[in-house]
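Residues per chain, in single letters:
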Amino acid sequence: MEDALSSLLHDVRPAGALFDQSYVRAPWALRFLDWTPLTLLTMLSGEAWVTPEGGSPVRLGTQDVAVVRGPGPYTVADRPETAPMAVIHNAEMCTTPEGGDAAGLAMCGYAGDLGSTVLLTGTFQVKGSVSQRVLDALPRVALVPAGDGRCATMDMIVAEISRDKPGQQAVLDRLLDLLLVSSLREWFDRPDSQAPSWYAAHSDQLIGRALRAIHEDPARPWTVEGLARVSGASRATFAQRFTELVGQPPMAYLTEWRICQAADLLASTDDTVDVIAHQVGYSNAYALSVAFKRTLGIRPSQHRVSAR
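The following paragraphs examine the structure supplied in this document. Predicted model only: the values in this text are computed from it and were never measured.

Turning our attention to the overall build of the protein. Counting its regular elements, the protein contains 12 helices and 12 strands. Here the protein displays about 15000 Å² of accessible surface, and carbon together with sulfur accounts for 52% of that area.

With that out of the way, let us pick up the pairing of strand S8 (residues 74–77). The two faces of S8 match: Tyr74 and Val76 on one face and Thr75 and Ala77 on the other face are all buried. The pairing of strand S3 (residues 29–32) with S8 spans four bridges and is antiparallel. Across the sheet, Leu30 pairs through a bridge with Val76, a residue of S8. Sheet topology note: the strand S5 (residues 48–52)/S8 ladder contains four bridges and is antiparallel.

This part covers the environment of Gly72. By the element assignment, Gly72 lies in the loop between strand S7 (65–69) and S8. Gly72 sits 40 residues away from Phe32 along the chain, and the two C-alpha atoms are 8.6 Å apart. Not counting the four nearest positions on each side in its chain, Gly72 is found in contact with Trp35 and Arg140.

Looking now at unusual backbone geometry. A negative phi holds for most residues other than glycine; trans holds for most peptide bonds. The amide bond that connects Gly70 to the next residue, Pro71, takes the cis arrangement and shows omega of -5 degrees. Within the chain, Gln63 stands out as a residue other than glycine whose phi angle is a positive 65 degrees. Its place among the elements puts Gln63 in the loop between strand S6 (58–60) and S7.

A few words now on the packing of helix H9 (residues 250–268) against helix H12 (residues 300–307). At their nearest, the axes of H9 and H12 sit 8 Å apart, and the two run at 55 degrees to each other. Judged by the angle between their axes, H9 and H12 are oblique. Where H9 crosses over H12, the two elements pack in a sense that is right-handed. Contacts between H9 and H12 involve Ala263, Leu265, Leu266 and Ala267 from the first element and Pro300, His303, Arg304 and Ala307 from the second. Here the residues of the contact of H9 with H12 sort into six nonpolar, one polar and one charged.

For the pair helix H7 (residues 224–231) and helix H8 (residues 235–246), interaxial distance at closest approach is 9 Å and the crossing angle is 90 degrees. As the angle between them shows, H7 and H8 are arranged roughly perpendicular. The residues of H8 that touch H7, namely those facing Val224, Glu225, Leu227, Ala228 and Ser231, are Arg235, Phe238 and Ala239. Classifying every residue of the contact of H7 with H8 gives five nonpolar, one polar and two charged.

This part takes up the pattern of salt bridges. Counted according to the given criterion, the structure contains six salt bridges. A salt bridge links Arg59 to Glu47; the shortest N-O distance between them is 2.5 Å. Placement of the pair is Arg59 in strand S6 and Glu47 in the loop between strand S4 (38–45) and S5, with a sequence separation of 12 residues.

For the structure on display, the rule yields seven aromatic pairs. Ring centres 5.6 Å apart and planes at 55 degrees place the aromatic pair Phe238 and Phe242 in the tilted group. With a gap of four residues between them, Phe238 and Phe242 both fall in helix H8, about one helical turn apart. Phe242 matches Phe238 in its accessibility class, with the two residues each being buried. An aromatic cluster is defined as three or more aromatic residues linked by ring pairs; in this entry it consists of Trp187, Phe188, Trp198 and Tyr199. Seen from the ring of Tyr282, Arg258 lies directly overhead, with NZ or CZ sitting 5.7 Å from the centre.

Scoring rules and cut-offs
Residues numbered from 1 in each chain as written. Predicted model: local features only at pLDDT ≥ 70, side-chain atom pairs only at ≥ 80, totals over all residues. Heavy atoms only, no water. Helix = DSSP H or I, 4+ residues; strand = E, 2+ residues; numbered from the N terminus. Areas by Shrake-Rupley, 256 points an atom, 1.4 Å probe, with all protein chains shown as cover. Buried < 20%, exposed > 50% of the residue type's maximum accessible area, 1.4 Å probe, protein only. Pairing = 2+ DSSP bridges. Contact = heavy atoms within 4.5 Å. Axes fitted to C-alpha atoms, helices over the stretch in contact; angles between N-to-C directions. Parallel < 35°, antiparallel > 145°, perpendicular 65-115°, else oblique. Left-handed = near helix turned anticlockwise from the far one by under 90°. Nonpolar A, V, L, I, M, F, W, Y, C, P; charged D, E, K, R; others polar. Salt bridge = Lys/Arg side-chain N within 4 Å of Asp/Glu carboxyl O. Phe/Tyr/Trp six-rings, centres within 6.5 Å; stacked < 30°, edge-to-face > 60°. Lys NZ or Arg CZ within 6 Å of the ring centre and 35° of its normal.

This is the structure we're talking about:
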């Protein structure tokens, strides 16, 4: 059975991710212009500063993880004041700040032992309205400190990078996926993260049951009474507690979740609107269209065209 957070993170995957490591020595600074929705940064050795454009520098220690939410440029450097020496436009293009060829610069991913500082980057292609809920809950840079204990996933990444075997990219993609999900979960659990109300509500003994039921079976004809029974509480107690913890009434949350699911199905499948309507809990295409327009401001057919 898939838990609620896993379902929210389902489409935040490193499909086609750029996985790279840069060996650098001070002074160094890389400016990233790639408009990727999500990037994971970690220092395999040494430390750095991550500065989003228009934001404050964030220190990145050895094996700390920084989840950078896009789109928007940011700089990674040995010190916040170090001027960029290379500009990363995308996976295939790295230039000097003046626009010249930077292929020979170590900062563009040269795999040589030039110093003790090693930056690891992984970029993620994120799709879907459900995944957008996760992105919207993140700051520009979410920092997860390494802590006192060892991170098993990080150890496996370091070990895999040191090898040169067939299937390495597939293994690294899976490890990146695991590192991202575990980092997001750890960041959301931090008391200073200001995690969204829907995340905090997952751990509530009563409301967590209702949220899991909604996520696992959105097509079921749920009522407040039915969700209250799942939670093991009276209708009044359940409705009040749900609204307090989640920030909206149960039926409003259910509608929002169904529309998110419908939006993703419209973008990723060729199913008719009527078929999708039944999959997410509406009796027909017209009922889904009315709810879709009321929630997102456009018709399902318009969303399908724009999403593709």
